[in-house]
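Report on the structure
Read off the chains here:
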Amino acid sequence: MSDEKATTTEAEPPRTRDREEAGGGTTLSLSRRRLLGTVGAAGAGGLALGASGGALALSQGRDPVTPLASVGTGRHTFHGTHQPGIVEPGQAHGHLAAFDLVPGAGRREAAALLRRWSAAAAALMAGEPVEGVAATGIADDAGPSSLTVTFGFGASFFDRTGLADQRPAALEPLPEFSADELDGRRSNGDLWVQVAADDGLVAFDALRVLQRETGRAARLRWQMTGFNRTPGATDRPRTARNLMGQVDGTNNPRPEDDDFDRHVFVPRGGDRRSPAWMEHGSYAVVRRIRMLLDEWDKQSLEQQERVIGRRKSDGAPLSGGDERTPLDLEKTDARGRLLVPFNAHARVSAPETSGGATMLRRPFSYHDGFLPDGAPDAGLLFVAWQADPQRGFVPVQRKLDRGDALSRFVRHEASALFAVPGGAPEGGYVGQPLLEG
């Protein structure tokens, strides 16, 4: 332990912002912003990596300073047509949080809050300090790490701000499902924030800054923390796995699909169920789904695969082929038995069995410790994006509610639906067309 600690301390770069005199020599120390600049310059010439994985060190004097590794350099832009955190690849760490406006806070306070939040998100995603906010120090030495920040409005937001006539019809409450065991304290909310990054400290720092920036306008209603596989942990890019060990997300629509935008984003000018201020926006269904992992682990591999309708090893459908092979819902074995069982999750949730209902799933796994009986309190923070929940999530969930083999192994414990406006332009903030229209 002591030797390991000594080695770590010795290799750690200095943390001061400028040159310091140290024992007659000089060391070069870089701030977070200057580290990003160093990596950008080094990247132009190709940062050399040795076979052992070590990075080329820049040094002056005795002590080396190592540029940011690839995970830290990932960067997304806050401003744009769509909000970030929807089409970007899922990150390793995520936080979902809902806030309620405080009594007496209305449209003006909400607009000021969204202005502050948007400015903070833009700076954080660029790896820059947030103007007027004391640095936490949590993310010092790290790059943006593919940070994204996304904001949404719950149905109650429109009553609180006197904008009930602007509430989208698509934001109507989700219907009750027979398997729901929902906790109202962890459901719904006036405002929603999704924070995600490939570094846990960067993600937490962003959440902490946004929470501090609420000021006296809003208070936290609920918060959930999730995770995914770290980029680079596999031999090549692969579809993620969930805590049941299943490949999860194979049938997701892809941005290169011709009808992707139609399924995921509200069209220009809005539509009959979404007003114009929602153009280029989307709707996020958020569900906390606990997995009954002890019961699941008691099932044989064959039983697990028949519940899902796909092979556990590689996500290929039981009807044959590889992960990307379309399900053959009619194929049978020598005894005439459907290879993909009639109640398999893959069959019941497939667009071709749900009237073409399509949504973009972008979830996180979670683990919140253990329950009194020793079972893990773990599962999925389900986040699904669609142009209209009544054409995306609702028809699929209704089918799952009626006859999904997976239902006996999961519990839906929290639920929320949020309208997520389009992206903010440079100099603007999320929701500005609504709040200043």
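Residues numbered from 1 in each chain as written. Predicted model: local features only at pLDDT ≥ 70, side-chain atom pairs only at ≥ 80, totals over all residues. Heavy atoms only, no water.

1. A closer look at the overall build of the chain
When helices and strands are tallied, the chain shows 12 helices and 13 strands. When burial is assessed residue by residue, the chain has 47% of its 437 residues classed as buried. Here the analysis covers contacts within the chain between residues at least 6 apart in sequence; of these, 76% occur between residues at least 24 apart. For the chain, the accessible area works out to roughly 21100 Å², and carbon and sulfur atoms hold 50% of it. (Helix = DSSP H or I, 4+ residues; strand = E, 2+ residues; numbered from the N terminus. Buried < 20%, exposed > 50% of the residue type's maximum accessible area, 1.4 Å probe, protein only. Contact = heavy atoms within 4.5 Å. Areas by Shrake-Rupley, 256 points an atom, 1.4 Å probe, with all protein chains shown as cover.)

2. A look at the pattern of salt bridges
This structure, assessed with the given rule, holds 24 salt bridges. Measuring nitrogen to oxygen at the nearest pair gives 2.7 Å for the salt bridge that ties arginine 287 to aspartate 180. Of the two residues, arginine 287 sits in strand E9 (residues 282–291) while aspartate 180 sits in the loop between helix H5 (155–160) and strand E7 (191–197), which places them 107 residues apart along the sequence. On the basis of relative accessibility, which here comes to 18%, the residue aspartate 180 falls in the buried class. In this structure, glutamate 413 engages arginine 290 in a salt bridge whose closest nitrogen and oxygen atoms are separated by 2.6 Å. With glutamate 413 in strand E13 (residues 410–420) and arginine 290 in strand E9, the pair connects residues that are 123 residues apart, well separated along the chain. One exposure class covers both glutamate 413 and arginine 290, and it is buried. Three or more residues joined by partner-sharing salt bridges are found here, namely Asp183, Arg185, Arg186, Arg288, Arg290, Asp368, Asp377 and Glu413. (Salt bridge = Lys/Arg side-chain N within 4 Å of Asp/Glu carboxyl O.)

3. So, the side chain of arginine 362
With respect to the helices and strands, the residue arginine 362 is situated in the loop between strand E10 (360–361) and strand E11 (364–370). Glutamate 88 provides the closest opposite charge to the buried, salt-bridge-free arginine 362, at an N-O distance of 4.9 Å. One polar contact links the side chain of arginine 362 to the main-chain carbonyl oxygen of proline 89, over a distance of 3.1 Å. Setting aside anything within four residues of it in sequence, one finds arginine 362 in contact with Gly85, Ile86, Glu88, Pro89, Gly90, Gln91, Gln194, Val383 and Trp385. (Lys, Arg positive; Asp, Glu negative; His and termini not counted. Polar contact = N/O pair within 3.5 Å; in protein donor to acceptor, adjacent residues only side chain to side chain.)

4. A few points about the packing of aromatic side chains
Counted under the stated rule, the structure contains 14 aromatic pairs. Aromatic pair tryptophan 117 and phenylalanine 151: ring centres 5.3 Å apart, planes at 5°, arrangement stacked. Within this pair, whereas tryptophan 117 is found in helix H4 (residues 107–125), its partner phenylalanine 151 is found in strand E6 (residues 148–153), the two being separated by 34 residues in sequence. Judged by its relative accessible area of 1%, phenylalanine 151 is buried. Both rings, one in tryptophan 192 and one in tryptophan 385, keep their centres 5.9 Å apart while their planes meet at 50°; by these two values the pair is tilted. In this pair, tryptophan 192 is assigned in strand E7 and tryptophan 385 in strand E12 (residues 376–386), connecting sequence segments 193 residues apart. The exposure class assigned to tryptophan 192 is buried, which follows from its relative accessible area of 0%. An aromatic cluster is defined as three or more aromatic residues linked by ring pairs; in this entry it consists of Phe78, Phe99, Trp117 and Phe151. (Phe/Tyr/Trp six-rings, centres within 6.5 Å; stacked < 30°, edge-to-face > 60°.)

5. What about the environment of aspartate 388?
Along the polypeptide, aspartate 388 turns up in the loop between E12 and helix H11 (393–403). Remark: the alpha-carbon pair of aspartate 388 and valine 264, spanning 124 residues in sequence, is separated by 7.9 Å. Residues contacting aspartate 388, with those up to four places away along its chain left out, are Ala170, Arg273 and Tyr283. There is a polar contact of 2.5 Å between the side chain of aspartate 388 and the side chain of arginine 273.

6. Structural notes on unusual backbone geometry
Despite not being glycine, asparagine 188 shows a phi value in the positive range, around 60°. Here asparagine 188 is to be found in the loop between H5 and E7.

7. Quick word on the side chain of aspartate 377
Turning to its location among the elements, aspartate 377 is positioned in strand E12. Overall, aspartate 377 belongs to the buried group, its relative accessible area being 12%.

8. Comments concerning the environment of glutamine 223
Within the secondary structure layout, glutamine 223 lies in strand E8 (residues 218–227). Given the relative accessible area of 34%, glutamine 223 is considered partly exposed. Residues contacting glutamine 223, with those up to four places away along its chain left out, are His95, Leu96, Ala97 and Leu207. There is a polar contact of 3.2 Å between the side chain of glutamine 223 and the side chain of histidine 95. At 2.8 Å, the side chain of glutamine 223 and the side chain of threonine 225 are in polar contact.

9. Structural notes on H4
With 19 residues, H4 should reach 27 Å at 1.5 Å per residue; the first-to-last C-alpha distance of 26 Å fits that figure. Turning to H4, its buried residues number three or more, namely Ala110, Ala111, Leu113, Leu114, Trp117, Ser118, Ala120, Ala121, Ala123, Leu124 and Met125. Positioned one or two residues after H4, glycine 127 has a phi angle of 75°, which is positive. (Expected span 1.5 Å × (residues − 1).)

10. Observations regarding the pairing of E13
The element E13 is largely enclosed, with a buried count of 10 among its 11 residues. Across 10 bridges, E9 lies against E13 in antiparallel orientation. What sits directly across from methionine 291, in E13, is valine 410. (Pairing = 2+ DSSP bridges.)

11. Observations regarding helix H9 (residues 301–308)
Taken together, the buried positions of H9 are Gln304, Glu305, Val307 and Ile308. Take H9 and look down its axis: the buried residues cluster within an arc of 155°, on one side only. Packed against the buried residues of H9 are helix H8 (293–297) and helix H10 (345–349). Where H9 ends, the next residue or the one after it, glycine 309, has phi of about 95°, a positive value. (Arc of directions from axis to C-beta.)

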